[in-house]
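Inside the fold
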Amino acid sequence: MTENKTIDPAVASLLELSKTKGISTAFDRAEAMKPCPIGAKGACCKNCAMGPCRLVKEGDRGICGATKETVAARNFARMVAAGAAAHSDHGRDMALTLLAAAEGEAPDYKIRDVNKLLEVAELLEVPTKGRETMEIARDVAEAALDQFGQQKGEIIYLKRAPKKRQEVWRRAGVAPRGIDREVVEIMHRTHVGNDQWYESILMSALRTALSDGWGGSMLSTDITDILFGSPVPLTAKVNMGMLSEDEVNIVVHGHEPVLSEMILAAVNDPEMIEYAKSKGAKGINLTGICCTANETLMRQGVPTIGNFLSQELAMVTGAIELMIVDIQCIMQALAPLADKFHTKLITTSPHAYIEGAEHVDFDESRALEIAKEIVKMGIDNFPNRKETHIPKEINHLVAGFSHEYINYALGGFYRGSFRPLNDAVIQGRLRGVAGVVGCNNARTRHDYSHEYITRKLIENDVLVVMTGCGAIAAAKYGLLSPEAAKYAGPGLREICETVGIPPVLHVGSCVDNARILTILSQMATEGGLGEDIADLPAVGFAPEWMSEKAISIATYFVGSGLYTIMGSKSPVANSPTVERFISEGWEERIGGKLEFIADPEEAVRKALEHIDKKRAALGLAEYDPTRFGQSGDWLMRQFIEAMEAGKPVNVYSAKSVLCEGNPR
Ligand code: BF8
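Predicted model only: the values in this text are computed from it and were never measured.

Considering the confidence of the model for the chain
Of all residues in the chain, 94% attain a pLDDT of 70 or more, and the chain-wide mean is 94. The model gives residues 651-664 a pLDDT under 50, and that stretch makes 17 contacts with residues more than four places away or in other chains.

Some thoughts on the coordination of the nickel atom of the ligand
Protein coordination of the nickel atom of the ligand is limited to a single donor, Cys510 (SG), positioned at 2.2 Å. Around the nickel atom of the ligand sit 4 donor atoms, and with donor-metal-donor angles ranging over 94 to 142° the site reads as irregular.

Things to note about empty space enclosed by the protein
In total, this model carries 5 cavities of 30 Å³ or more according to the counting rule given. Around the largest cavity, the lining comprises 15 residues; the ones closest to its centre are Val433, Ala434, Val465, Ile519 and Leu520. Elements with a contribution of two residues or more to the lining of the largest cavity: strand E11 (432-436), strand E12 (462-467), helix H21 (513-526) and strand E14 (538-542). Element by element, the count of residues in the lining of the largest cavity is highest for H21, at 4 residues. Residue composition of the lining of the largest cavity, grouped by class: 14 nonpolar, 1 polar and no charged.

Some details on the site of the ligand
Around the ligand, the surrounding shell consists of His255, Cys290, Cys291, Phe308, Cys329, Gly438, Cys439, Cys469, Cys510, Met546, Ser547 and Lys549. Measuring from an oxygen atom of the ligand, one finds a side-chain N or O atom of His255 at 2.6 Å. The separation between an oxygen atom of the ligand and a polar side-chain atom of Lys549 is 2.7 Å. In terms of residue class, the shell around the ligand is built from 8 nonpolar, 3 polar and 1 charged.

Details of the layout of surface pockets
Volume-wise, the largest pocket comes out at about 1300 Å³. Forming the walls of the largest pocket are 38 residues, and the residues nearest its centre are Pro35, Ala40, Asn441, Arg443 and Met546. Secondary structure elements with two or more residues in the lining of the largest pocket: helix H2 (26-32), helix H3 (37-40), helix H4 (68-102) and helix H22 (548-559). Top element by residues in the lining of the largest pocket is H4. It accounts for 6 residues. Here the lining of the largest pocket is composed, by residue class, of 16 nonpolar, 11 polar and 11 charged.

Here's the deal with helix H11 (residues 270-278)
Capping the start of H11 is the job of one residue whose side-chain oxygen sits 2.7 Å from the backbone nitrogen of Glu271: Asp269. Where H11 ends, the next residue or the one after it, Gly280, has phi of about 95°, a positive value.

Focus: the sheet that holds E11
Within a sheet, each strand pairs with its neighbour through backbone hydrogen bonds, oriented either parallel or antiparallel. If you walk across this open sheet you meet the 6 strands as E13-E12-E11-E14-E15-E16, and the pairing is parallel. At either end of the open sheet lies a strand with only one pairing partner, and these are strand E13 (504-508) and strand E16 (593-596). Neighbouring strand axes in the sheet, compared pairwise and without regard to direction, differ in orientation by 20° on average. Pairing between strand E15 (residues 563-566) and E16: 4 bridges, direction parallel. Along E16, the bridge assignment pairs Met566 with Phe596. Where helix H18 (residues 448-459) meets the sheet, its contacts fall on E11, E12, E13 and E14, and the angle it forms with E12 comes to roughly 150°. This element, helix H19 (residues 468-476), spans E12 and E13 of the sheet and lies at about 115° to E12.

Examining the packing of aromatic side chains
Ring pairs (aromatic) are described by centroid distance and by the angle formed between their planes. Counted by the stated rule, this structure contains 8 aromatic pairs. A ring pair is formed by Tyr198 and Phe581, whose centres lie 5.7 Å apart and whose planes are at 85°; its orientation type is edge-to-face. Of the two residues, Tyr198 sits in helix H9 (residues 198-228) while Phe581 sits in helix H23 (residues 576-590), which places them 383 residues apart along the sequence. Neither Tyr198 nor Phe581 differs from the other in exposure class; each is buried. Above the ring of Tyr487, the side-chain terminus of Arg455 is found at 4.5 Å from the ring centroid. Sitting over the face of the ring of Tyr563, Lys593 holds its NZ or CZ atom 4.6 Å from the ring centroid.

Considerations on the side chain of Lys5
Turning to its location among the elements, Lys5 is positioned in the segment before helix H1 (9-21). Other than its neighbours up to four places away in sequence, Lys5 contacts Leu15, Phe27, Asp28, Glu31, Thr444, Arg445 and His446.

What about the environment of Leu264?
When you line up the elements, Leu264 lands in helix H10 (residues 257-267). Those residues in contact with Leu264 that sit more than four places away from it in its chain are Leu286, Gln300 and Val302.

Some thoughts on the nonpolar core
By size, the foremost hydrophobic cluster in this structure holds 176 residues, and its most contacted members are Tyr109, Leu124, Ile250, Ile263, Phe541 and Trp586. Among the nonpolar cores identified, the runner-up in size contains 38 residues, and Cys290, Phe308, Leu334 and Leu337 belong to it.

Looking at the pairing of strand E5 (residues 284-289)
A regular strand carries its side chains on alternate faces of the sheet. Burial analysis of E5 places 6 of its 6 residues in the buried class, the great majority of the element. Residues Ile284, Leu286 and Gly288 line one face of E5 and the alternating positions Asn285, Thr287 and Ile289 line the opposite face, and both faces are buried. Here strand E4 (residues 248-253) runs beside E5; their pairing, made up of 6 bridges, is parallel. Its bridge partner being in E5, Val248 is matched across the sheet by Ile284. Across 2 bridges, E5 lies against strand E6 (residues 304-306) in parallel orientation. By the bridge assignment, Gly288 is partnered in E6 with Thr304. Once you follow E5 into helix H12 (residues 290-300) and on to E6, the crossover reads as right-handed.

What counts, and where the lines are drawn
Residues numbered from 1 in each chain as written. Predicted model: local features only at pLDDT ≥ 70, side-chain atom pairs only at ≥ 80, totals over all residues. Heavy atoms only, no water. pLDDT = per-residue confidence, 0-100. Contact = heavy atoms within 4.5 Å. Donors = N, O, S within 2.8 Å, 3.2 Å for Na, K, Ca; no water. Tetrahedral: all angles 85-135°; square planar, octahedral: opposite > 155°, others 65-115°. 1 Å grid on protein atoms, 1.4 Å probe; cavity = no way out; pocket = protein on both sides within 12 Å on 5 of 7 lines; lining within 4 Å. Points joined across faces, edges and corners; volume = space filled by probe spheres on them. Helix = DSSP H or I, 4+ residues; strand = E, 2+ residues; numbered from the N terminus. Nonpolar A, V, L, I, M, F, W, Y, C, P; charged D, E, K, R; others polar. Near = heavy atom within 4 Å. Polar contact = N/O pair within 3.5 Å; in protein donor to acceptor, adjacent residues only side chain to side chain. Pairing = 2+ DSSP bridges. Axes fitted to C-alpha atoms, helices over the stretch in contact; angles between N-to-C directions. Phe/Tyr/Trp six-rings, centres within 6.5 Å; stacked < 30°, edge-to-face > 60°. Buried < 20%, exposed > 50% of the residue type's maximum accessible area, 1.4 Å probe, protein only. Lys NZ or Arg CZ within 6 Å of the ring centre and 35° of its normal. Core = buried A, V, L, I, M, F, W, Y, C linked by side-chain atoms within 4.5 Å. Right-handed = clockwise from strand over helix to strand, strands pointing away.

Below, the structure written as structure tokens:
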């Protein structure tokens, strides 16, 4: 019955194997442990020691008098705060690494994208003229760090948003002042006896989420690009088949490229490779899981072996010598599981220790040296490898679509702009755009909703951008390859063929959802599609979400003006009033709305309705799937085939085919 749990054949086969070995994974634990029905819908308040209070009946109040609305809103706001804190602390670490590199304290890190540094310097109002790169880098890092501790005013990146959006934020009182300040304020606001009006709690949650999207996450993405290079498209491979039978398998898992980039450098060191050979291996094979995999995939094409729910199963292959983790989305179950195999589990971050794992403190001043020490531990472990079960599944993809590259792809260096994208939407060749992001959730069928929603959207001529575990899911089913254009609607297919892009663009890790904000912002300011992100025929999805980070992302998507649909269950279902407020109430005040829709079919239907509504509001032509698709490569293929077959090629007969429609 593993097919009910996942659509990934590699994961299914490893689940079968786990069963025969008596190993329990998150899939089994989710089956054995039913979710607490009170906590699941936001009905439980444990913010003080008089509780926990369960507000289950109509009119129930907590010991302090808190209503269902207040409790549901508080719980939701705290999820936003935790998610924003996680992303933003990651962003802070990136800024600290940039500072250390600029001050010569982290000599293994370089500035790989000077143009991006200059662009970010301008945004952060750091002078650049006549200054050394490292001087600018130091000031950029300090200006970025100031954004975390800023107490008054507005975080500086808000100016990247369309003017109209900035005005909406100011009018609604949700323009974030400082990144840390907003997170702290939610924790204060939701303390017992403090803010007791669900509306003000939830507006405050919006402000905190915006400090993540347009603050911590956006800074993180920009600084990562500065240090490790802005992504450009590259080909890569995905799924468990990328584990090697005869090389040392080292897996990076977590989120911060500061670690994984050094591990990548270490595994490519000729001395390390020789050392691996001396232990009987043919070499060293580096692969990744979760978002750190996305980081190295986007920039260097390092293979990804799976997303969040694959982490335990990767170990079950018995082929991993060393799994090295840093922060976020790392299951505690990995430590006891590693004990059952020869795998070494290494933690590296001062933010994330796991009992039972070996901890190696990752000190940036000796980054490469430490990375080599860790890799050596993996190599030394190779002779301990026993029986392996590596599934054969491998899929191809193209990753690496930064917003800078999308700009370039659409117009070249000479006239790079979002104009062609906007024109495609205006003409109806593209019905709209969507961001499909987020996790896996052991309570829903692994990868199913990601695959279904993404496929349906492109079928309907909606260009999709993806990040995080969602992007890994789509890659596993071939949706991130240019060949996937054949699944796209006629208009989108034409664009893919003309520009040479897949219909689904991988724009990075979860933190890189900020890239989606920048893309939408550029579309809204390019002209022809209104003046605000809320005017665009665009939607956001997190179909299999599970983390607090996903809640923060969805909330900043909404705060930026997007209709956002989350799958799975609503964490505020205990209060229909709160459910209505985050949908209709937020839409009225801020232009975006949040809904929880578990059924992917319904989610797609509502998203397309929304896109069509936005098109109509912009006065654009009604979407017509039969209008386009008569140009593109099929015509050229027809000519080539005809010539190869020695048939006469008649341009007029081709034209008559054109008039009758695309014969594909
Ligand atoms: O940050 S998508 S399961 S790995 S939280 Fe985690 Fe969710 Fe995956 Fe990346 Ni994002």
